[in-house]
Amino acid sequence: MSGQLRPDGSLRHLLTLEDLPRALIERLLERAQSLVRPLGERPPVSRALAGCTVANLFTEPSTRTRVSFELAAKRLGADVVNLEVQLSSRVKGESMLDTVYTLQSLHVDALVIRDAEMGVPGTVAANVAAHVSVLSAGEAHVAHPTQGLLDALTVRQHKPNLEAIAIAIVGDIRHSRVARSALHVFRALGVRDVRIVAPPVLMPEPQEFAGCSRHTSLESGLKDADVVMMLRIQKERMAQAELPDADRYYASYGLTPERLALARPDAIVMHPQPMNRGIEIASAVADGPQSVIRDQVRNGVAVRMAVLSEVLAWRSAA
Ligand code: ASP
């Protein structure tokens, strides 16, 4: 996707991590890392984005992404509006772009958009005024760039030598924007061994995930992995008839402590959440010593602060 960068190389929109320069990704991760604090300590706050306005425009459910974008903006001193899409004019037939133009007229500087329809963040980005930035908070099955960045930050905190590690992404790869953005960022950072593990019906098309090894057996995919990233079955992107049976899925693909023992002893376990305990992951693993799932949530705010600072930096300097 072109058009995410300004002529000076700074980030204007964040719609996908595909083809984003490695140096820019590293810069965002370093800035995010500097904003991470241990739980119990007060998070960093500033007035760097005072006078800027960030709008959250979510037409699909979200807990962590929406709340962390809101907290990130507020901790940088920006004003935040959260559009309750069910209550908005979109249900009265107003088009997404008319809603966006309304927000633009209200001096919104950054639009954070989650939509179930492919292409919506890109269409908005192509139509907003030159001073407005668009940040994808999840586009259909296609991309979830801030999730990819927070996943990369979490992996780096535990496994700094990314070129030497093996990452197994397990579950509904076919419908997962999390897996796609993860692959883009891991590739950009030089991870060589990325495995995708799924039953045949949840595998992506053969032309996708090029260079990843494919495993229909969880046991073979987990062998000596350093990072195990579990995914939820994206029920909302499948017809009822396609849904795997939960018990059978758990029997073959659920991450239990016994199966996790096939990975390296110091392997970390990740999950973007929401989790379905007892379907893709056992509680003993989700809450166990190798889980970094709660670190991912904490890192999400830092990553979104880094991204907002990057796209709105020109405003604070003006
Ligand atoms: N929260 C993530 C997403 O929005 C993962 C999921 O929903 O399964 O894609």
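Residues numbered from 1 in each chain as written. Predicted model: local features only at pLDDT ≥ 70, side-chain atom pairs only at ≥ 80, totals over all residues. Heavy atoms only, no water.

A.B. asks: Account for the overall build of the protein, with residues named and values stated.
C.D. replies: Looking only at helices and strands, the protein features 11 helices and 9 strands. Relative to its length of 318 residues, the protein is compact, with a C-alpha radius of gyration of 19 Å against a globular reference of 20 Å. Looking at the protein as a whole, 54% of its 318 residues are labelled buried. Contacts in the protein between residues far apart in sequence, at least 24 positions, make up 74% of those at least 6 positions apart. Per element, the accessible surface of the protein, about 13600 Å² overall, is 53% carbon and sulfur. Separation of charge centres in the protein, based on 36 positive and 35 negative side chains, amounts to 4 Å. (Helix = DSSP H or I, 4+ residues; strand = E, 2+ residues; numbered from the N terminus. Rg over C-alpha atoms; globule rule 2.2 N^0.38 Å. Buried < 20%, exposed > 50% of the residue type's maximum accessible area, 1.4 Å probe, protein only. Contact = heavy atoms within 4.5 Å. Areas by Shrake-Rupley, 256 points an atom, 1.4 Å probe, with all protein chains shown as cover. Lys, Arg positive; Asp, Glu negative; His and termini not counted. Charge placed at Lys NZ, Arg CZ, Asp CG, Glu CD.)

A.B. asks: So what's going on with the site of the ligand? Which residues, and what values?
C.D. replies: Around the ligand, the neighbouring residues are Arg 114, His 144, Arg 177, Val 178, Arg 232, Gln 234, Pro 272, Gln 273 and Pro 274. A distance of 3.3 Å separates an oxygen atom of the ligand from a polar side-chain atom of Arg 114. The contact in question runs from an oxygen atom of the ligand to an N or O atom on the side chain of Gln 234, over 2.8 Å. For the ligand, whose accessible area on its own is 260 Å², the fraction buried by protein is 92%. Its atoms largely coinciding with the cavity grid, the ligand occupies the largest pocket. For the shell around the ligand, the class distribution of residues is 3 nonpolar, 3 polar and 3 charged. (Near = heavy atom within 4 Å. Polar contact = N/O pair within 3.5 Å; in protein donor to acceptor, adjacent residues only side chain to side chain. 1 Å grid on protein atoms, 1.4 Å probe; cavity = no way out; pocket = protein on both sides within 12 Å on 5 of 7 lines; lining within 4 Å. Sits in = over half its atoms within 2 Å of the grid points. Nonpolar A, V, L, I, M, F, W, Y, C, P; charged D, E, K, R; others polar.)

A.B. asks: So, unusual backbone geometry: which residues are in play, and what are the values?
C.D. replies: Excluding glycine, most residues fall at negative phi; most peptide bonds, likewise, are trans. In this model, Gln 273 is joined to Pro 274 through a cis peptide bond whose omega is 0 degrees. Among the structural elements, Pro 274 can be located in the loop between strand S9 (268–270) and helix H10 (283–286). With phi around 60 degrees, Asp 224 is a residue other than glycine that occupies positive phi space. Counting through the fold element by element, Asp 224 comes out in the loop between helix H7 (218–222) and strand S8 (227–230). Residue Asp 224 is classed as partly exposed on the basis of its relative accessible area, which comes to 34%.

A.B. asks: Any chance you could break down the layout of surface pockets for me, citing the residues and the numbers?
C.D. replies: In this structure, the largest pocket encloses a volume near 800 Å³. For the largest pocket, the lining is made up of 43 residues, of which Thr 63, Arg 64, Thr 65, Pro 272 and Arg 304 are closest to its centre. Ranked by residue count, the leading element in the lining of the largest pocket is helix H11 (residues 293–317), at 9 residues. Looking at the lining of the largest pocket residue by residue, the class counts come to 19 nonpolar, 12 polar and 12 charged. (Points joined across faces, edges and corners; volume = space filled by probe spheres on them.)

A.B. asks: Explain the side chain of Thr 65 residue by residue, including any values.
C.D. replies: Mapped onto the secondary structure, Thr 65 falls in helix H2 (residues 64–75). One polar contact links Thr 65 to Arg 114, side chain to side chain, over a distance of 3.2 Å. Sequence-distant contacts of Thr 65, defined by excluding residues within four places in its chain, comprise Phe 58, Arg 114, Ala 137, His 144 and Arg 304.

A.B. asks: Describe the nonpolar core, listing the residues and the values that go with them.
C.D. replies: One finds Leu 149, Ile 169, Phe 186, Val 228, Leu 255, Ile 281 and Leu 308 to be the most contacted residues of the largest nonpolar core, which totals 88 residues. When residues of this core are assigned to their parent elements, the largest contribution, 10 residues, is made by H11. In this structure, Leu 57, Leu 103, Val 120 and Ala 125 belong to the second largest nonpolar core, which totals 16 residues. (Core = buried A, V, L, I, M, F, W, Y, C linked by side-chain atoms within 4.5 Å.)

A.B. asks: Account for the environment of Tyr 101, with residues named and values stated.
C.D. replies: Checked against the element boundaries, Tyr 101 lands in helix H3 (residues 96–105). Each C-alpha atom, one on Tyr 101 and one on Ala 129, is 8.8 Å from the other, the two residues being 28 residues apart in sequence.

A.B. asks: Give me the lowdown on the packing of helix H5 (residues 145–158) against helix H6 (residues 177–188), citing residues and values where you can.
C.D. replies: Put simply, H5 and H6 touch, their axes get as near as 8 Å, and they point 55 degrees apart. If you check the angle between H5 and H6, you find them oblique. Classified by chirality, the crossing of H6 by H5 is right-handed. Here Pro 145, Gln 147, Gly 148, Leu 149, Asp 151, Ala 152 and Val 155 of H5 lie close against H6, whose contacting residues are Val 178, Ser 181, Ala 182, Val 185 and Phe 186. Residues belonging to the contact of H5 with H6 are distributed by class as follows: 8 nonpolar, 3 polar and 1 charged. (Axes fitted to C-alpha atoms, helices over the stretch in contact; angles between N-to-C directions. Parallel < 35°, antiparallel > 145°, perpendicular 65-115°, else oblique. Left-handed = near helix turned anticlockwise from the far one by under 90°.)

A.B. asks: Lay out the environment of Ala 126 with the relevant residues and their values.
C.D. replies: Residue position: Ala 126 is located in helix H4 (residues 120–127). Remark: the alpha-carbon pair of Ala 126 and Ala 210, spanning 84 residues in sequence, is separated by 29 Å.

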